[in-house]
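As a plain string of letters, each chain reads:
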Amino acid sequence: MDVEKMIPVVAGAVDYSGGPADRAATGGWIPAALILGIEICERLSTMGIAVNLVTYLGGVMQLPSSTSANIVTDFMGTCFLLCLLAGFLADSFLGRYKTIAIFTSIQILGTSMLSLVTKLPSLRPPACVANDNNCKQANGYQMGMLYFALYMIALGTGGLKSSVSGFGSDQFDENDAKEKSQMTYFFNRFFFFISIGTLTAVTVLVYIQDEVGRSLAYGICSISMLAALVIFLSGTRKYRYKKCSGSPLLQIAQVIVAALRKRKMDHPRDISTLYDDNPEESRIRHTDQFRCLDKAAIETEGDFDKVSERIPWRLCSVTKVEEVKMMTRLLPIWATTIVFWTTYAQMITFSVDQASTMRRNISHFLIPAGSLTVFFVSAILLTLAFYDRVIMPLMKRFKGKEGFSSLERIGIGLLLSTIGMVAAVVVEVRRLTVAKKVEPSASTTLPISVFLLIPQFFLVGTGEALIYTGQLDFFITQSPKGMKTMSTGLFLTTLSLGFFFSSVLVSIVKQITSRNGGQGWLADNINNGRLDYFYGLLAVLGAVNLVVYLICAKCYSDQKAKSKEIEATYQGSDGGGDNKC
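Colleague: Can you walk me through the overall build of the protein chain in this structure?
Modeller: Regarding its fold elements, the protein chain presents 16 helices and 6 strands. For the protein chain, the C-alpha radius of gyration of 26 Å lies close to 25 Å, the compact-globule estimate for 581 residues. Taking the principal axes of the C-alpha coordinates as reference, the protein chain spans close to 90 × 55 × 50 Å. By sequence separation, contacts in the protein chain at least 24 residues apart represent 80% of the contacts at least 6 residues apart. In the structure as shown, the protein chain presents an accessible area of about 26,900 Å², 62% of it carried by carbon and sulfur atoms. Computing the positive centroid from 55 side-chain charges and the negative centroid from 46, the protein chain places the two 5 Å apart.

Quick look at the structure:
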C-alpha cells in the first residue's frame with residue numbers, strides 16, 4: 001500500500017508484467033513513437049504494392065484494365081474490412097500488443113511470398129510483344145499464388161490497422177491534462193506520418209519496382225517490416241497495456257436480441273421504470289430516438305437467473321441501450337462517406353492506367369506511372385500543414401474555435417473530391433482526343449503531358465486529408481467510451497466498402513456498356529473506351545451523395561444540440577434540488 005502511494009500509477013493501465021503501470025517508467029512519447037514506426041512501415045509496404053499493382057497485372061500478367069482495377073480495389077477493400085475481425089480479437093482475446101505483433105509477422109510473410117512470386121518466371125505468363133492482340137493471360141495457378149500472397153498481406157494490414165492507433169493512444173492518460181494534450185498531438189500527427197510512409201512508397205519504392213525489379217522492392221518491404229517489428233518489440237517493457245474488456249459487438253448484439261424478445265411489449269410511459277444498474281455518475285441519460293431499443297431495458301420475469309444475476313441477452317441497462325443508440329446515430333454519416341473512397345480508388349487504378357499512356361519524361365528521366373500518385377500524397381501533406389499552421393490559428397483568432405468541425409471537414413472534402421472527378425472528365429476527354437489521332441501501330445505513349453492529371457490528384461488528395469481526419473475525429477469523439485475501437489473499425493469499413501463498391505460499379509458498367517458487342521466505357525485498352533463517361537458517372541454520384549450528406553449532417557447536428565439542451569435542463573433541475581428525474 002505504501003509502495004502504491006510512493007509510485008504514481010496510471011488508472012486502468014498495467015505494465016508488461018500485469019502490475020500497475022508506473023507513470024514515470026511507462027508510456028509517453030517514446031513508446032508511442034515505436035508504435036508509430038510500425039504503422040509508417042505498414043503504409044510503405046501496403047501502398048507501395050497497391051499503387052503500382054495495376055501496371056503489374058496489366059503489363060506482366062496480361063489482364064484487362066477493368067479486371068486489374070477490380071483486383072486492386074478488392075485487395076484494398078479486404079485490408080480494411082479485416083480490421084473489424086482483428087479489432088474483435090484484440091478487444092476480446094489477444095489485446096492490442098499481441099495483435100500488432102502477430103499480424104505484423106503475417107504481413108512480413110505475405111510480402112516475402114510476393115517477392116518470391118514476382119521473381120519466379122514460372123509464376124507469370126510469357127512476355128507479350130507490343131501490339132500483339134493474342135497475349136497469353138496468367139493461368140489459374142499463377143493467379144492463385146499471387147492472390148495468396150496479396151491476401152496474406154491484407155490479413156496482416158487489417159490486424160495492424162485495427163490496433164495501432166488505439167495502442168498508441170493507450171500510452172497517454174486521458175485523466176492527466178498534460179498527457180491528454182500529448183495524445184491529441186499524437187492523433188494530429190498520426191495521419192501525417194502515415195502519409196510520409198505513403199510518399200516514400202509512391203516515389204522510391206515504385207521507382208525500384210519499375211527500374212530495378214519488383215522482387216527487390218517487395219523484399220525491401222519485408223525487411224522494413226521486420227526491422228519495425230524488432231523495434232516495436234524492444235519497447236515491450238515501456239508500454240502501457242489495457243486489459244481485454246470484451247467486444248462492443250457483443251453488447252450491440254445483446255441489446256438487439258433483448259429488444260427483439262420484448263418487441264410485442266408496450267413502451268413504458270414512465271422511463272424511470274427502465275432498468276439501469278450503472279452508477280449514477282456514469283449513466284447516460286435516456287433519449288427518445290430509436291425507442292424500439294428501449295424495450296431491452298424493460299424488466300420482466302425471467303430476466304434474472306437463480307442467484308439474481310441479470311441475464312444480458314434478456315435485459316440490458318438504459319446506459320447500454322443508449323450506447324447502442326449513439327453508435328446507430330453515426331450510421332448516416334458513415335454511409336455517406338463511402339462514395340468518396342470509391343472516387344479515391346480510381347486514383348490508384350484507372351488514373352495510373354491513364355498515366356501509363358501519357359508522356360512522362362522530365363528531360364531524360366522517365367517517371368514511373370505509379371509515382372504520379374506523389375501529387376496525391378503531396379496534396380495531403382500540404383493540406384494538413386496549411387490547415388495546422390494557417391486555418392486553425394485564423395479560426396481560433398476570429399471565431400474562437402480551433403478549425404472546422406469534423407462534419408464541416410468531411411463536407412468540404414466531399415465537395416473537393418466531386419470537383420476532382422469533374423477535372424478528371426475534362427482531362428480524359430482531351431487525352432482521348434489525342435489518342436484518336438495516333439495510329440494504332442504507333443508507340444503506346446501519347447503526345448500529351450502526364451502533368452495534366454495533377455488537378456484530379458490534387459483535388460481528391462486534398463479531399464482525403466480533410467475527410468480522413470474528419471472521420472477519425474468524428475467517430476472517436478462521438479462514440480461511447482467503451483466503443484472507441486469499434487467506432488474506429490466502423491470508420492475503416494467506409495474505406496473497405498468504398499473499394500468494394502468500386503469493384504461492383506466497374507463490373508456493372510463494363511457489363512452494361514459492352515452488351516452490344518462493343519468494348520464499352522471500360523475497354524481492355526483505355527484508349528478504345530470512354531473512361532470520361534465513367535468519371536462523369538462518379539462525379540454525378542459524388543454530387544448526389546454530397547447533398548444527402550449535408551442533410552444527414554444537419555439532422556445529426558440538430559439532434560446533438562437537442563440532446564445537450566435536455567442534459568442542461570436535467571442538470572439545472574438537479575442543481576435546484578426541487579425536481580427529480
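Colleague: Even after reading the chapter, I still don't get the packing of aromatic side chains, so can you show me in this structure?
Modeller: We describe a pair of aromatic rings using the distance from one ring centre to the other and the angle between the two ring planes. This structure, assessed with the given rule, holds 28 aromatic pairs. Seen in terms of ring centroids, Tyr468 and Phe491 are 5.1 Å apart; in terms of plane orientation they differ by 80°. Their pairing is edge-to-face. Taken together, the positions of Tyr468 in helix α14 (residues 454–477) and Phe491 in helix α15 (residues 484–513) put the pair 23 residues apart, joining distant regions of the chain. Classification of Tyr468 by relative accessible area gives buried; the value is 7%. Arranged with centres 5.4 Å apart and planes meeting at 85°, the rings of Phe474 and Phe475 form a pair that is edge-to-face. Ring pairing ties together the aromatic residues Phe80, Phe340, Trp341, Tyr344, Phe376, Tyr468, Phe474, Phe475, Phe491, Phe499 and Tyr556, which thus form one cluster.

Colleague: Even after reading the chapter, I still don't get empty space enclosed by the protein, so can you show me in this structure?
Modeller: To locate leftover empty space, one rolls a probe as large as a water molecule over the atoms. Counted according to the given criterion, the structure contains 3 cavities of 30 Å³ or more. Volume-wise, the largest cavity comes out at about 210 Å³. Considering the residues around the largest cavity, the lining is formed by 20 residues, among which Arg43, Met47, Thr198, Tyr344 and Glu464 are closest to the centre. At the level of elements, α2 (29–59), α6 (177–211), α10 (338–347), α12 (374–398) and α14 are the ones that each hand at least two residues to the lining of the largest cavity. No other element matches α6, which puts 5 residues into the lining of the largest cavity. Considered class by class, the residues forming the lining of the largest cavity number 14 nonpolar, 3 polar and 3 charged.

Colleague: Explain the confidence of the model for the protein chain here, please?
Modeller: The predicted structure's coordinates, where accompanied by low pLDDT, should not be read in detail. Put simply, the protein chain has an average pLDDT of 86, and 93% of its residues get 70 or more. The low-confidence segment residues 1–5 (pLDDT under 50) makes 0 contacts with residues lying over four places distant or belonging to another chain. Counted against residues more than four places away or in other chains, residues 575–581, with its pLDDT under 50, gives 4 contacts.

Colleague: Where do I start with the nonpolar core in this structure?
Modeller: One recurring pattern in soluble globular proteins is that nonpolar side chains are buried together. Phe75, Leu146, Phe232 and Phe534 are the most contacted members of the largest nonpolar core, which has 141 residues in total. It is α2 that provides the largest number of residues to this core, a total of 14 residues. Phe75 has contacts with Thr46, Ile49, Ala50, Leu150, Tyr151, Ile153 and Ala154, leaving out every residue within four places of it along the chain.

Colleague: It is not clear to me how the environment of Gln354 should be interpreted in this structure. Could you clarify?
Modeller: With respect to the element layout, Gln354 can be found in helix α11 (residues 350–356). Through-space distance from the C-alpha of Gln354 to that of Tyr535 is 12 Å; in sequence the pair is 181 residues apart. Ignoring any residue separated from it by four or fewer positions in sequence, one finds Gln354 in contact with Glu428, Arg431, Leu453, Gln456, Ile526, Leu531 and Tyr535. Polar side-chain contacts of Gln354 include one of 2.6 Å to the side chain of Glu428. Within the structure, the side chain of Gln354 is placed 2.9 Å from the side chain of Tyr535, a separation counted as a polar contact.

Colleague: Can you walk me through the pairing of strand β1 (residues 9–14) in this structure?
Modeller: Where a strand is regular, its side chains alternate between the two sheet faces. Note that β1 and strand β2 (residues 20–22) share 3 bridges and pair antiparallel. Along β2, the bridge assignment pairs Val10 with Ala21. Taken together, β1 and the strand that follows it, β2, pair antiparallel across an intervening segment of 5 residues, in which Gly18 is found at a positive phi of about 95°.

Cut-offs applied
- Residues numbered from 1 in each chain as written.
- Predicted model: local features only at pLDDT ≥ 70, side-chain atom pairs only at ≥ 80, totals over all residues.
- Heavy atoms only, no water.
- Helix = DSSP H or I, 4+ residues; strand = E, 2+ residues; numbered from the N terminus.
- Rg over C-alpha atoms; globule rule 2.2 N^0.38 Å.
- Contact = heavy atoms within 4.5 Å.
- Areas by Shrake-Rupley, 256 points an atom, 1.4 Å probe, with all protein chains shown as cover.
- Lys, Arg positive; Asp, Glu negative; His and termini not counted.
- Charge placed at Lys NZ, Arg CZ, Asp CG, Glu CD.
- Phe/Tyr/Trp six-rings, centres within 6.5 Å; stacked < 30°, edge-to-face > 60°.
- Buried < 20%, exposed > 50% of the residue type's maximum accessible area, 1.4 Å probe, protein only.
- 1 Å grid on protein atoms, 1.4 Å probe; cavity = no way out; pocket = protein on both sides within 12 Å on 5 of 7 lines; lining within 4 Å.
- Points joined across faces, edges and corners; volume = space filled by probe spheres on them.
- Nonpolar A, V, L, I, M, F, W, Y, C, P; charged D, E, K, R; others polar.
- pLDDT = per-residue confidence, 0-100.
- Core = buried A, V, L, I, M, F, W, Y, C linked by side-chain atoms within 4.5 Å.
- Polar contact = N/O pair within 3.5 Å; in protein donor to acceptor, adjacent residues only side chain to side chain.
- Pairing = 2+ DSSP bridges.

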